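Overview (structure and organization)
Here is how the chains run, residue by residue.
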Amino acid sequence: MNPLELTRARPGAARTVTFDGRPLTALPGQSVAAALWAAGVTAWRSTRGAGRPRGVFCGIGVCFDCLVTVNGVPNQRACLVPVRPGDVIRTQEGTGRDDG
Amino acid sequence: MAEGPRLAVVGAGPAGLAAALAAAARGVRVTLVAAAEQAGGQFYRQPAAALGAARPQALHHQWRTWERLRAGLGRHLATGRLTHLTDHHVWCVAADPVSGTFGVHALRGPAQEEGVTVRADAVLLATGGYERVLPFPGWTLPGVVTAGGAQAMLKGGLVLPGRTAVVAGSGPLLLPVATGLVTAGARVAALVESAGPAALLRRAPALAAQPGKLAEGAGYAARLLRHGVRTLPGHTVVAAHGTDRLEAVTVAALGREGHLRPGSARRIRCDTLAVGHGMLPHTDLAETLGCTLSGTAVRVDDEQRTDVPGVWAAGEATGVGGAELALAEGHIAGCSAAARLHGSAPAPRRSAAAARARRRLREFATALDAAFEPPAGWAGRLPDDTVVCRCEEVTAGEVRRAVDPLGAGDLRTVKLLSRAGMGWCQGRMCAPAVAGLAGCPLTAGRRPFARPVPLGVLAGLPDTEAGPPDAD
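Residues numbered from 1 in each chain as written. Chains lettered and ligands numbered in written order. Predicted model: local features only at pLDDT ≥ 70, side-chain atom pairs only at ≥ 80, totals over all residues. Heavy atoms only, no water.

**Remarks on the UniProt feature "domain: FAD/NAD(P)-binding" (unreviewed entry) in chain B**
Applicable threshold: UniProt positions are given in the numbering used here, feature names are shortened, and annotations may be inferred rather than shown by experiment. Numbered from the N terminus, helices here are DSSP runs of H or I no shorter than four residues, and strands are runs of E no shorter than two.
Residues annotated in UniProt with the feature "domain: FAD/NAD(P)-binding" (unreviewed entry) correspond here to residues 6-325 of chain B. What you have in residues 6-325 of chain B is 27% helix and 31% strand, and the ends, taken at the C-alpha atoms, are 25 Å apart.

**Some words on the pairing of strand 6 (residues 114-120) of chain B**
Residue and element names in this part refer to chain B. What counts, and what does not: Residue exposure (1.4 Å probe, protein chains only): buried if accessible area is under 20% of the type maximum, exposed if over 50%, otherwise partly exposed. Two strands qualify as a pair provided that DSSP identifies no fewer than 2 bridges between them.
Burial runs high along strand 6: five of the seven residues are buried. Taken together, the seven bridges between strand 5 (residues 101-108) and strand 6 define a ladder with antiparallel strand orientation. Following the sheet pairing, L107 is matched in strand 6 by G115. As consecutive antiparallel partners, strand 5 and strand 6 are separated by five residues, and within that stretch G109 has a phi angle of approximately 90°, a positive value.

**Some words on the packing of helix 12 (residues 396-403) of chain B against helix 13 (residues 411-418) of chain B**
Any two packed helices are characterised by how steeply their axes cross, that is the angle between the axes, and by the distance between the axes. Residue and element names in this part refer to chain B. Quick note on the threshold: To get an axis, fit a line to the C-alpha atoms, keeping to the stretch in contact for a helix; angles then go from 0 to 180 degrees between the N-to-C directions. Throughout, the term roughly parallel applies to angles under 35 degrees, roughly antiparallel to angles over 145, roughly perpendicular to angles from 65 to 115, and oblique to all others. Here a crossing is taken to be left-handed if its near helix is turned anticlockwise relative to the far helix by less than a right angle, and right-handed if that turn runs clockwise. Contacts are assigned to residue pairs with any non-hydrogen atoms lying within 4.5 Å of each other. Residues are grouped as follows: Ala, Val, Leu, Ile, Met, Phe, Trp, Tyr, Cys and Pro are nonpolar; Asp, Glu, Lys and Arg are charged; all remaining types, including Gly, are polar.
Between helix 12 and helix 13, whose axes approach to 9 Å, the crossing angle comes to 115°. Our classification of the angle between helix 12 and helix 13 gives roughly perpendicular. For helix 12 against helix 13, the interelement crossing comes out right-handed. On the side of helix 12, the interface is formed by E398, V399, A402 and V403, while helix 13 contributes V414, L417 and S418. Here the contact of helix 12 with helix 13 is composed, by residue class, of five nonpolar, one polar and one charged.

**Topic: the sheet that holds strand 14 (residues 248-253) of chain B**
Residues and elements named next belong to chain B. If you trace the three strands from one edge of the open sheet to the other, you get 13-14-15, paired in antiparallel fashion. The sheet terminates laterally at strand 13 (235-241) and strand 15 (266-269), the two strands that pair on one side only. When the angles between neighbouring strand axes are averaged without regard to direction, this sheet yields 30°. Sheet analysis places strand 14 next to strand 15, joined by four bridges and oriented antiparallel. Counted as the bridge partner of V249 is I268 from strand 15.

**Some points on the interface of chain A and chain B**
Heads up, the condition is: By buried area we mean the combined loss of accessible area, with a 1.4 Å probe, across both parts when two parts are placed together. The term salt bridge refers to a pairing of a side-chain nitrogen on Lys or Arg with a carboxyl oxygen on Asp or Glu at a separation within 4 Å. Polar contacts, as used here, are pairs of N or O atoms within 3.5 Å; protein pairs need one atom able to donate a hydrogen and one able to accept it. Residues neighboring in sequence count only if both atoms are side-chain atoms.
Contact with chain A, which involves 46 residues of that partner, is made by 53 residues of chain B. Note on chain A versus chain B: buried area summed over both sides is about 4,000 Å², and carbon and sulfur give 62% of it. For the pair chain A and chain B, the number of links is three salt bridges. Of the charged contacts in the structure, one is a salt bridge between E392(B) and R48(A), with a shortest N-O distance of 2.9 Å. Taken together, the links from chain A to chain B amount to 18 residue pairs in polar contact (both at pLDDT 80 or more). Elements represented by at least two residues in the side of chain A that touches chain B include exactly helix 1 (3-6), helix 2 (32-38), strand 4 (53-54) and strand 6 (73-77) of chain A. Looking at which element gives the most residues to the side of chain A that touches chain B, the answer is helix 2 of chain A, with four residues.

**Examining the sheet that holds strand 2 (residues 22-26) of chain A**
Note on sheets: strands pair through backbone hydrogen bonds, and any given pair is parallel or antiparallel. Residues and elements named next belong to chain A. Taken in spatial order, the five strands of this open sheet run 2-1-7-5-6, and their pairing is mixed. Strand pairing shows two members of the sheet lacking a second neighbour, strand 2 and strand 6, which therefore form its edges. In this sheet, adjacent strand axes meet at a mean angle of 40° when their direction is disregarded. Where strand 5 (residues 67-70) lies against strand 6, three bridges are found, and the strand directions are antiparallel. Bridge assignment links V68 to a residue of strand 6, and that residue is Q76.

**Details of the side chain of H277(B)**
Residues and elements named next belong to chain B. Note that H277 resides in strand 16 (residues 272-277). The class of H277 is buried, set by a relative accessible area of 10%. Within the local environment of H277, its side chain forms a polar contact with the backbone nitrogen of L134, the two atoms lying 3.0 Å apart. When residues no more than four places from it in sequence are discounted, the contact partners of H277 are R132, V133, L134, G169 and S170.

Structure follows, in structure tokens:
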């Protein structure tokens, strides 16, 4: 059993995105965070101070732990932003402003 | 175009929906302003439409109530009596003393970069709540999520955080979260509840006064038992382990004084820890409007009016008590707002049933709160090197130093001395822990901006409080 089977979901066609250069498939309607979780990815930020990995914590847009860089724009909350075809998702290092 | 006074309802969860439907049915033009793409709030969070879920109810309960709310929403949308602005993230509500109206300032779209202002004659705040999590070593590891977060990602995105989960903390949310995860195909290695049987028994009379609620709990427990989920009452998570992601947790039994029972620690392998210690109300919008708070919740009267004229509040924002209480409060608030906007008093008879439900459910919530209070001594057990403020990476030791020798005695002073609470989340995540460590009361934060606002949006606001013209 998985959540899609349980709810008898028939999602639209999967789209391809990349995460740190690696292609992933994502379902339409999912947030960036949900797409990453579905691909087995749980961390996509390293903190400004200690450089520790972070991912989803609150899941509802309150905690800002899941900040990620999408299409070159840093500090997007992965749990809120819907995934779009062709999205280039990158691990956000620190503030996301100084990575090259 | 519909006629009549205008009410803006902020939040489309159970309280906001019940309020919007009650007001719209009583001749008010309602604008429902909400952050999500679909109505429902956290409790009735719906899967994204593009996921094509034929049976979302498999992840829900009280689905009939949802169907009734959804049908009512559809009817009022069709008549134009109600407008639903989705994907509108409200950052401030301001009163305009000149016109006597309110401006509801929101950011539109997933990027939240476009400013929109909705004008209304009255405002009803149904902003809900968020989860309280008390820290422990390892709680910042990827794979550790809030219990509500795991549920939100499951209901909304139809995804699981991992294969093997431990659900832990305290409070009535843990049962449905564990049940949801196990029903959707995760293995739940343990349900770890810090309240022991004794704490629940002490509140037995108040809890037993709600047979429906007890049956609901028993239903979850039976499903967990069927799936072979081990429950550990009177236990707590001592630490989460892993290098770059969660690999295991250590749990231990709590003694009567809140100490850990020697020799009771055991390690459980898992890739997910869904953890929570109850909920806190979202009070930022109310606080900025000048509404008096009572503890961490918005204070309201019998009609759900705040002490600011023209501002009502309902649901978790006025004190955490669950969806059923939120529905009752929302209905009462909507009836009151409609009557007052038409210059009359609400007929008590029309919401007598809701008022009775509200009284009964508030008593139940108080009993639950007492039964599920955090284990004594949790703050003292926290090692100095554990990160408490997740945003600014401030440790328990740094918070303790702000108190002694530096002399901080409240959340604000701890923040100024240690940066705890100064980051992106503005202290929403760390405030309960900082209060526990500093030995000061947990007070609602003052956040004039309920969410980050682009400077361009602020620059685009006119100088007067009248705000830009109606969105539309």
